Amino acid sequence: MQISSRFTIAIHMLTCMEAFKKDYKITSDFLAGSINVNPVIIRRILSQLKDAGMIEVRRGTGGAAVAKPLDEITFLDVYHAVECIEENTLFHFHENPNKNCPVGSNIHNILDDKLVRVQAAMERELKAITLADVIQDLGKYVQLGTP
């Protein structure tokens, strides 16, 4: 199992928006240059973050900016905005376990509640980390406000 790169790309994008907001116009091309991905991917994620109310995007040459206080944007918020998974569906269960097998016929009974607990634990951790934490950590490595 692996969470798609959209999550880390979105965190990277939000971090750039905040770190460079005073020095650069934050466009999809600018973000794509930092992340080293196609601007089309950036635009798709920008749209998801905008729909979630995390950013504002000014059309044309306006650029993008974080729309909420940094301590109000959790990793869980970003995860929900870009991952497109339904509640309690982090783990995709194989479709057709063998009903004639004692394990196959009972595997859902055995695993379902455990997988829900694992997902809940992950979501608790994601909820405990904010974009403010990321910006604070970034300050340990670079002086903010300079390119």
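Cut-offs and rules
Residues numbered from 1 in each chain as written. Predicted model: local features only at pLDDT ≥ 70, side-chain atom pairs only at ≥ 80, totals over all residues. Heavy atoms only, no water. Buried < 20%, exposed > 50% of the residue type's maximum accessible area, 1.4 Å probe, protein only. Helix = DSSP H or I, 4+ residues; strand = E, 2+ residues; numbered from the N terminus. Contact = heavy atoms within 4.5 Å. Phe/Tyr/Trp six-rings, centres within 6.5 Å; stacked < 30°, edge-to-face > 60°. Axes fitted to C-alpha atoms, helices over the stretch in contact; angles between N-to-C directions. Left-handed = near helix turned anticlockwise from the far one by under 90°. Nonpolar A, V, L, I, M, F, W, Y, C, P; charged D, E, K, R; others polar. Core = buried A, V, L, I, M, F, W, Y, C linked by side-chain atoms within 4.5 Å. Expected span 1.5 Å × (residues − 1).

Engineer: Where do I start with helix α4 (residues 75-83) in this structure?
Structural biologist: Helical periodicity: at 3.6 residues per turn, an α-helix aligns residues three or four positions apart in one direction. Of all nine residues in α4, seven are buried, a share of seventy percent or more. Turning to α4, its buried residues number three or more, namely F75, L76, V78, Y79, A81, V82 and E83. On the buried face of α4, the contacting elements are α1 (5-19), α3 (39-51), α5 (107-128) and α6 (131-141).

Engineer: Mind showing me how you'd approach the packing of aromatic side chains here?
Structural biologist: The geometry of an aromatic ring pair is captured by the separation of the ring centres together with the interplanar angle, meaning the angle of the planes. Applying the stated criterion across every chain, the model contains five aromatic pairs. Each ring, one from F7 and one from F75, has its centre 5.6 Å from the other, and the planes form 75 degrees; the classification is edge-to-face. With a gap of 68 residues between them, F7 in helix α1 and F75 in helix α4 connect regions that are remote in the sequence. The same class applies to F7 as to F75, namely buried. Look at F20 and F30: their rings are 5.5 Å apart centre to centre, the planes differ by 80 degrees, and that puts the pair in the edge-to-face class. Taken together, the positions of F20 in the loop between α1 and α2 (28-35) and F30 in helix α2 put the pair ten residues apart, joining distant regions of the chain.

Engineer: Looking at this structure, I do not really get the packing of α1 against α2. What am I missing?
Structural biologist: For any two helices packed against each other, the geometry comes down to the angle between their axes and how far apart the axes lie. Between α1 and α2, the shortest axis-to-axis distance is 10 Å and the interhelical angle comes to 115 degrees. Crossing handedness for the pair α1 and α2: right-handed. Side by side, α1 and α2 meet where I9, H12, M13, C16 and M17 of the first sit next to L31, S34 and I35 of the second. Class assignment for the residues of the contact of α1 with α2 results in six nonpolar, two polar and no charged.

Engineer: Mind showing me how you'd approach the environment of F7 here?
Structural biologist: Owing to a relative accessible area of 11%, F7 belongs among the buried residues under this scheme. Between the alpha carbons of F7 and V78 there is a distance of 6.8 Å; along the sequence they are 71 residues apart. When sequence neighbours within four positions are dropped, the list of residues in contact with F7 reads F75, V78, Y79, V82, E83 and L126.

Engineer: Sorry, what's going on with the nonpolar core here?
Structural biologist: One recurring pattern in soluble globular proteins: nonpolar side chains tend to sit buried together. Ranked by size, the top nonpolar core spans 33 residues in total, and within it M13, L14, M17 and L49 carry the most contacts. Breaking this core down by element, the ones donating at least two residues are α1, α2, α3, β2 (63-66), α4 and α6. Among the elements that take part in this core, α1 stands out by supplying eight residues, more than any other. Filtering out sequence-adjacent residues up to four positions away, M17 remains in contact with I26, L31, L46, I55, A64, A65 and V66.

Engineer: Sorry if this is basic, but what is going on with the environment of V82 here?
Structural biologist: With respect to the helices and strands, V82 occurs in helix α4. Judged by its relative accessible area of 0%, V82 falls in the buried class. Considered as a pair, V82 and S4 are 78 residues apart in the sequence and their alpha carbons are 9.1 Å apart. In this structure V82 touches R6, F7, A10, I45, Q48 and L49, once residues within four positions along its chain are discounted.

Engineer: What is the right way to look at α1 in this model?
Structural biologist: Given a rise of 1.5 Å per residue, 15 residues ought to cover 21 Å, and the 21 Å separating the end C-alpha atoms of α1 matches this to within 8%. Burial within α1 is extensive, with eleven of its 15 residues counted as buried. For α1, the full list of buried residues reads F7, I9, A10, I11, M13, L14, T15, C16, M17, E18 and A19.

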